[in-house]
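# Understanding the architecture of this molecule
Here is how the chains run, residue by residue.
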Amino acid sequence: MSTIGAPVNRTDAWAKVSGAARYTAEHPVAGLAHAVLVTSTIPSGRVLRIDDAAASALPGVLLVMTHENVPRLPPDTRHGKVQPPGGRRLTLLQEDTVHYNNQPIAVVVADTFERARAAAALLRVEYEAAPAALDFGQAKQASYPPGKVQGDDPDTRQGDLQAGMAAGGARVDATYATPVENHNPLETHATIAEWHGERLTLHDSTQYMKGVQRTVAAIFGMAPEHVTVLCPFVGGGFGSKGSAWSHVVLAALAARRLGRPVKLVLDRAQMFGPVGQRPRTEQRLRLAATPDGRLTAIGHDTIAHTSMLEDWIEPCGIVTRMLYASPNRETTHRLARLHAGTPTFMRAPGEATGSFALESAMDELALELGMDPLDLRLANDAQRDPGKDLPWSSKSLRQCYEIGAERFGWRERDPRPRALRRDGKLVGWGMATATYPANRSPAACSATMLPDGTAVFRSSTQDLGTGTYTVMSQVAAETLCMPLDRIRFALGDAHMPEAPVSGGSTTVASVAPAVQAAGRALRLKLIGIAAADARSPLYGATPDRVGVDRGADGAELYLLDDSARRERMADIVARHGAPVEATARAEPGAERQRYSMHAFGAVFVEVTVDEDLGEIRVPRVVGVYGVGRLLNEKTGYNQLMGGIVWGIGMALLEETLVDGRTGRAANGNLAEYHVPVHADVGDIDVQIVDEDDPHVNPLGAKGIGEIGITGVAAAIANAVFHATGRRVRELPVTLDKLL
Ligand code: MOS
């Protein structure tokens, strides 16, 4: 009868397809004014003057907010100085400095969106331009180490890399590059801000309800309880909505200034600067191995760009710290400062980019060794986490390799490049390892049973379109032995019990245990009420002698020693006369110090390459993953498949082209910034191996939001090499690089 794991349809599916699900910008608010963000057109310098005469003269224009008239914020909060991931260094018009092209410099508000946009176009901005650092090659000459890389040192060293390089008979020393990528969720960032006296309500499209609440409260010097943040639906985030960026605060400033609610929606071009991006990276990989394929050295040096405002590092080396066994290992991270928008988390930050370099280099090493790429991975499979020197909480990578190879037909592969042809096209097969940490954070949840026998669970978490509503309802239903349709799971309100950022593939692993704990706490409370009530068949019962089952007409509690003595939970609540509520918190414990926790997978890819046109297609991908317990077969496969689809985009399409003269994204739109569409995606075969992990969390579920993208770009580049004999070390692998 278990609902956990079942391919349950999304509980919000009907709301989504019928349009009943309201996204941030769709909330009807009385008296709403419409704001348009105006951004800089130079990358570096000062805003001298903004002439708003023509804009302000337009009918309906309510406010032109610039650095000259913006309400002043206290100096210690004016950049939004809150710790990441909730807080970023913001640009809130408190100064006239321009740090990057497309930086917010003004907000225009009018009674309609069209009038606001027309007025914004009439602003005349005078700048004093300053020299800008726009060239990555130059900036990296002055690269410097970031303070920390995900809480660890930027550099790690085990053994002696030089000695290990000398000891191996086969060597690879190659540099790989990945471009700037920008998040392009269908729903751009959006905020509606409304003040009620000293209290603020924000509708905001976010991956982190509590982060927005805390950031905004800190900036305005308010108690967090006085800031309401609402976000029942998110139209995709991918990391860019993990932080409250400048526009959120600017909307609130404009609303306060005007004394009426203000809506601010970023346009597509504004997704390319003020709300984060995946930074450009350059990664040097050094590998050496003995003739039987055992790694003697593994080195990974990363340089990534960051902004003038903040040090943000793409942690490419973390995957090299843990993935393969080798006695000698070094990883380094360096930052190169540019006049660019601050980079941020983008799906599998570090692992997506780092696994491209590492898994490409492993393919090159296999070629050097004359060894099958899969056998090379098998020879170096790490029995424990080599970086942390801890056992894995669980690891099914070997099964993933084996099942994947079997389903793909890998063992029939002719190792020679250019050996395979079909329908006049070159065919190539490539593979790579996938991995992502099994993160978990503290989370809380409340559970309320109503007299009608339905139960409502609440947690201030998010559903990014991934299935949070659905899987949490499944966990709640199972915990209370209730059918799914008697459960309501509510999220998207920062006043609800605290949940962490929906980033780092952490929502299920963090919130599901809290849902389970809340359900159990509610059950205990109901038992307590029944046990104290002489009218209940459970009168006098002790909690440890009471069980729960589905009953004939709704979930029932019963005495384990006398199962005829039973009562419906709904009847207990009805007699009680008021809803019964319990709240619980669940958090990771000492097991996090005893085990290294990761999900693993293996990706096998077939590409075809048109020799005349250079066109690359991906007819099939096999991805096999060990991710602990999958809570929903349908939404789970969907997540993993989505990750693979993004991997195809990362490999072949995605690249923000930054104009070297202006520092502006030249393709800041969906016509020229390409993401995969259906025609770009062939057959994707996702498989999950049975994996029982008693350590990651009480559900045994590892996060799956990010692992799907990891390894895919390398597997495709490796397949392209196999097809063509051409090694492309710079993403994306576009046709010009093959001609
Ligand atoms: Mo994801 S990049 O951790 O939001």
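Residues numbered from 1 in each chain as written. Predicted model: local features only at pLDDT ≥ 70, side-chain atom pairs only at ≥ 80, totals over all residues. Heavy atoms only, no water.

Looking only at helices and strands, one finds 17 helices and 29 strands in the protein chain. Against the globule reference of 27 Å for 739 residues, the protein chain gives a C-alpha radius of gyration of 27 Å, in line with a compact fold. In terms of principal-axis extent, the alpha carbons of the protein chain reach across some 80 × 75 × 50 Å. Looking at the 739 residues of the protein chain, the share that counts as buried comes to 60%. Within the protein chain, contacts between residues at least 6 apart in sequence are counted, and of these 80% link residues at least 24 apart. Total accessible area computed for the protein chain in this model is approximately 27,100 Å², and 50% of it derives from carbon and sulfur atoms. Taken as two groups, the 77 positive and 85 negative side-chain charges of the protein chain have centres that lie 2 Å from each other. (Helix = DSSP H or I, 4+ residues; strand = E, 2+ residues; numbered from the N terminus. Rg over C-alpha atoms; globule rule 2.2 N^0.38 Å. Buried < 20%, exposed > 50% of the residue type's maximum accessible area, 1.4 Å probe, protein only. Contact = heavy atoms within 4.5 Å. Areas by Shrake-Rupley, 256 points an atom, 1.4 Å probe, with all protein chains shown as cover. Lys, Arg positive; Asp, Glu negative; His and termini not counted. Charge placed at Lys NZ, Arg CZ, Asp CG, Glu CD.)

Structurally, the protein chain comprises domain 1 (17–131 + 186–236 + 241–271), domain 2 (156–180 + 277–439 + 593–737) and domain 3 (441–587). Here domain 2 and domain 3 have C-alpha centroids that lie 41 Å from each other. The interface is formed by 15 residues belonging to domain 2 together with 16 residues belonging to domain 3. Regarding the contact of domain 2 and domain 3, the summed buried area is about 1,200 Å², with carbon and sulfur atoms giving 56% of it. Three residues, N439, L631 and L699, lead the burial of domain 2 against domain 3; their summed loss comes to 40% of the area buried on that side. Connecting domain 2 to domain 3 are 1 salt bridge. For E478, the salt bridge identified is with R629, shortest N-O distance 3.8 Å. Linking domain 2 with domain 3 are 6 residue pairs in polar contact (both at pLDDT 80 or more). When the residues that make up the side of domain 2 that touches domain 3 are grouped by side-chain class, the tally is 6 nonpolar, 7 polar and 2 charged. (Domains from an automatic or database assignment. Buried area = accessible area lost by both parts, 1.4 Å probe. Salt bridge = Lys/Arg side-chain N within 4 Å of Asp/Glu carboxyl O. Polar contact = N/O pair within 3.5 Å; in protein donor to acceptor, adjacent residues only side chain to side chain. Nonpolar A, V, L, I, M, F, W, Y, C, P; charged D, E, K, R; others polar.)

So, about the packing of helix 9 (residues 351–369) against helix 17 (residues 712–724). Where helix 9 meets helix 17, the axes come as close as 8 Å, and the angle between the chain directions of the two elements is 35°. As for the relative orientation of helix 9 and helix 17, their crossing is right-handed in sense. Contact residues: helix 9 offers S355, F356, E359, S360, D363 and L367, while helix 17 offers A713, A714, A717, N718 and F721. (Axes fitted to C-alpha atoms, helices over the stretch in contact; angles between N-to-C directions. Left-handed = near helix turned anticlockwise from the far one by under 90°.)

Oppositely charged side chains may form a pair once their charged atoms are brought near each other. Counted according to the given criterion, the structure contains 47 salt bridges. E282 serves as the salt-bridge partner of K140, at 2.6 Å between the closest nitrogen and oxygen. Here K140, found in the loop between helix 4 (136–139) and strand 7 (156–158), pairs with E282, found in strand 13 (residues 281–289); they are 142 residues apart in sequence, far enough to count as distant. On the accessibility criterion, K140 (25% relative accessible area) is partly exposed. Residue E282 is classed as buried on the basis of its relative accessible area of 18%. Its salt-bridge partner being D571, residue R568 comes within 3.0 Å of it at the nearest N-O pair. Connected via shared salt-bridge partners are D363, E364, R727 and R729.

Turning our attention to the packing of aromatic side chains. A full pass over the atoms with the stated rule returns 12 aromatic pairs. An angle of 80° between the planes, with centres 5.0 Å apart, marks the rings of F238 and W646 as edge-to-face. Here F238 is found in the loop between strand 11 (227–230) and helix 7 (246–258), whereas its partner W646 is found in helix 16 (residues 633–652), with 408 residues between them in sequence. A residue is classified by how much of its surface remains accessible, and F238, at 30% relative accessible area, is partly exposed. Given the relative accessible area of 9%, W646 is considered buried. On the numbers, 5.2 Å between centres and 85° between planes, the contact of W392 with F600 is edge-to-face. Residue W392 is found in the loop between strand 17 (390–391) and helix 11 (397–408), and its partner F600 is found in strand 27 (residues 598–609); the two are separated by 208 residues along the sequence. (Phe/Tyr/Trp six-rings, centres within 6.5 Å; stacked < 30°, edge-to-face > 60°.)

Moving on to the layout of surface pockets. Of the pockets and cavities examined, the second largest pocket occupies roughly 500 Å³. As for the second largest pocket, its lining consists of 32 residues, and the residues nearest its centre are V180, R280, T656, L657 and V658. Where the lining of the second largest pocket is concerned, the elements lending two or more residues are helix 4 and strand 8 (170–178). (1 Å grid on protein atoms, 1.4 Å probe; cavity = no way out; pocket = protein on both sides within 12 Å on 5 of 7 lines; lining within 4 Å. Points joined across faces, edges and corners; volume = space filled by probe spheres on them.)

Attention shifts here to the side chain of H34. Topologically, H34 is positioned in strand 1 (residues 33–39). Excluding residues within four positions of it along the chain, H34 makes contact with V108, V109, A110, D111, T112, F113, A116 and K263.

Taken together, the 5 strands give an open sheet; going across it, the order is 7-15-14-13-8, and neighbouring strands pair in mixed fashion. The two strands at the open ends of the sheet, each matched to only one other strand, are strand 7 and strand 8. Averaged over all pairs of adjacent strands, the angle between strand axes in this sheet comes to 10°, irrespective of strand direction. Here strand 8 pairs with strand 13 via 9 bridges, running antiparallel. (Pairing = 2+ DSSP bridges.)

Burial within strand 10 (residues 199–204) is extensive, with 5 of its 6 residues counted as buried. In this sheet, strand 10 lies alongside strand 9 (residues 190–196) in antiparallel orientation, the contact comprising 6 bridges. In the strand pairing of strand 10, E194 is matched with T201. Connecting strand 9 to the antiparallel partner strand 10 that follows it, the hairpin turn spans 2 residues, and G197 within it adopts a positive phi of roughly 60°. Of the strand pairs in this sheet, strand 10 and strand 11 are connected by 4 bridges, and their pairing is parallel.

This part takes up empty space enclosed by the protein. Enumeration over the complete set of coordinates arrives at 3 cavities of 30 Å³ or more. Of the voids in this model, the largest cavity is the one considered here, and its volume is about 100 Å³. Listed by contribution, the elements that provide at least two residues to the lining of the largest cavity are strand 4 (97–98) and strand 5 (104–110). Taken as a whole, the second largest cavity spans an internal volume of roughly 60 Å³. Lining of the second largest cavity is provided by R89, L90, T91, Y100, W245, S246, G273, P274, L309, G341 and T342.

Here we come to helix 17. Relative to the 18 Å expected for 13 residues at 1.5 Å per residue, helix 17 spans 18 Å between its end C-alpha atoms, a close match to the ideal helical length. Burial analysis of helix 17 places 13 of its 13 residues in the buried class, which makes it a mostly covered element. Of the residues flanking the end of helix 17, it is G725, one or two places downstream, whose phi is positive at about 80°. (Expected span 1.5 Å × (residues − 1).)

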